[in-house]
Amino acid sequence: MIPAIGFSLLLLLTGCAGLDGLDRQAGSQVEGQAALSGIDGIACVGQIIAPPPGMEVVSDEALLQDALGASGEGELCAGQVLVALEPVTVYRVWDSAREYTRYGSWWSFQLPEGPRPQYRQDNSICPSWSELDRMSACTVKVGAKLVVGPGQSAQCKQMIYAKSATNQVYIPNDARNDVLHVQDCTAGAVWP
């Protein structure tokens, strides 16, 4: 057992001092890249991936702020705004009981893989937010902007998901108001 003073010193040395219990991992760092910090000043885990072919970095502070969340809120810990110069494939796992979630805001550049509990943990998705039972692929419309970055921690009803190095893609779709930045979507296969 580590004495309280020793434990505090250990937290300070690992860069986690002052955490509210939601984030126990120190931000990882790619050689030559600075560690990312969230909007609440707490270190993120991982780095922002390089833009995929067909996308380029642009500035849109309002969109970036829409995608970021403080510790425990889910969303992104840090991010970078991209614009589609050509159609780029994105993937979404969604809840078939809520059809409108087919075109939600949270996507991935990588084909989602199960098992479901691991996917939830990697992407900090609380069980109450989605059943995660369908998966669709779409293309981002040319000219559409999105945000990519590592995931923020999420405080769920009975659990906490830590910050994640897995990059997520925020696309500001609003299916209820027919605002979609994706097209040519698949029907939604049973997942996983």
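Scroll up a little and you will see the structure.
Treat the numbers as computed from the prediction; the structure is a model and nothing was measured.

## Structural notes on helix H3 (residues 116-123)
Every α-helix winds through 3.6 residues per turn, so residues three or four apart in the chain are directed the same way.
(1) Moving on: For H3, every residue scored as buried is listed here: Tyr119, Arg120 and Asn123. Across the axial projection of H3, the buried residues extend over an arc of 100°, all falling on one side.
(2) Moving on: Packed against the buried residues of H3 are strand S3 (88-94), strand S8 (160-161) and strand S9 (164-170).
(3) Moving on: Positive backbone phi, approximately 50°, marks Ser124, located one or two places after H3.

## With respect to a negative patch on the surface
(1) Moving on: A cluster of acidic residues, Asp40, Asp66, Glu73 and Glu75, forms a negative patch on the protein surface.
(2) Moving on: As for its placement among the helices and strands, Asp40 is situated in the loop between helix H1 (4-13) and strand S1 (55-57).

## Some remarks on the sheet that holds strand S2 (residues 80-84)
By definition, the strands of a sheet pair up through backbone hydrogen bonds, in either a parallel or an antiparallel sense.
(1) Moving on: In space, the 5 strands of this open sheet follow the order S1-S2-S6-S9-S4, with antiparallel pairing throughout. The open sheet has two free edges, formed respectively by S1 and strand S4 (106-107), since each of these has just one partner strand.
(2) Moving on: One ladder, built from 4 bridges, connects S2 with strand S6 (residues 145-151); its direction is antiparallel. Looking at S6, one finds that Val81 is bridged to Val147.

## Some remarks on the environment of Ile160
(1) Moving on: One can find Ile160 in strand S8.
(2) Moving on: Relative accessible area serves as the criterion here: at 40%, Ile160 is assigned to the partly exposed category.
(3) Moving on: Considering only alpha carbons, one finds Ile160 and Gln121, 39 residues apart in sequence, at a separation of 9.2 Å.

## Observations concerning the packing of aromatic side chains
The way to describe two aromatic rings as a pair is by their centre distance and the angle between their planes.
(1) Moving on: Enumeration according to the criterion identifies 2 aromatic pairs in this entry.
(2) Moving on: For the pair Trp106 and Tyr170, a centre-to-centre distance of 5.0 Å together with 55° between the ring planes defines the contact as tilted. Separated by 64 residues along the polypeptide, Trp106 in strand S4 and Tyr170 in strand S9 bring together distant segments of the chain.
(3) Moving on: A relative accessible area of 11% means that Tyr170 is categorised as buried.
(4) Moving on: Geometrically, the ring pair formed by Tyr119 and Trp191 is edge-to-face, given 5.0 Å between the ring centres and 65° between the ring planes. Separated by 72 residues along the polypeptide, Tyr119 in helix H3 and Trp191 in the segment after strand S11 (189-190) bring together distant segments of the chain.
(5) Moving on: A cation over an aromatic ring shows up here: Arg92 above the ring of Trp107, its NZ or CZ 6.0 Å from the ring centre.
(6) Moving on: Here Arg176 stacks its cationic end above the ring of Tyr100, 3.8 Å away from the centre of that ring.

## A word on the pairing of strand S5 (residues 134-140)
(1) Moving on: Among the 7 residues of S5, 6 are classified as buried, and the element is accordingly described as predominantly covered.
(2) Moving on: As paired elements, S3 and S5 share 7 bridges and run antiparallel to each other. Paired with Val88 across the two strands is Val140, which belongs to S5.
(3) Moving on: Sheet topology note: the S5/S11 ladder contains 2 bridges and is antiparallel. Bridging across to S11, Met135 finds its partner in Ala189.
(4) Moving on: Both S5 and strand S10 (residues 182-183) contribute to a ladder of 2 bridges, which runs antiparallel. Counterpart to Val140 in the pairing with S10 is Val182.

Here is what the cut-offs are and how they apply
- Residues numbered from 1 in each chain as written.
- Predicted model: local features only at pLDDT ≥ 70, side-chain atom pairs only at ≥ 80, totals over all residues.
- Heavy atoms only, no water.
- Buried < 20%, exposed > 50% of the residue type's maximum accessible area, 1.4 Å probe, protein only.
- Helix = DSSP H or I, 4+ residues; strand = E, 2+ residues; numbered from the N terminus.
- Arc of directions from axis to C-beta.
- Contact = heavy atoms within 4.5 Å.
- Patch = residues over 30% accessible without salt bridge, like charges linked within 9 Å, V, L, I, M, F, W, Y side chains within 5 Å.
- Areas by Shrake-Rupley, 256 points an atom, 1.4 Å probe, with all protein chains shown as cover.
- Salt bridge = Lys/Arg side-chain N within 4 Å of Asp/Glu carboxyl O.
- Lys, Arg positive; Asp, Glu negative; His and termini not counted.
- Charge placed at Lys NZ, Arg CZ, Asp CG, Glu CD.
- Pairing = 2+ DSSP bridges.
- Phe/Tyr/Trp six-rings, centres within 6.5 Å; stacked < 30°, edge-to-face > 60°.
- Lys NZ or Arg CZ within 6 Å of the ring centre and 35° of its normal.

None of this, on its own, says anything about what the molecule does.
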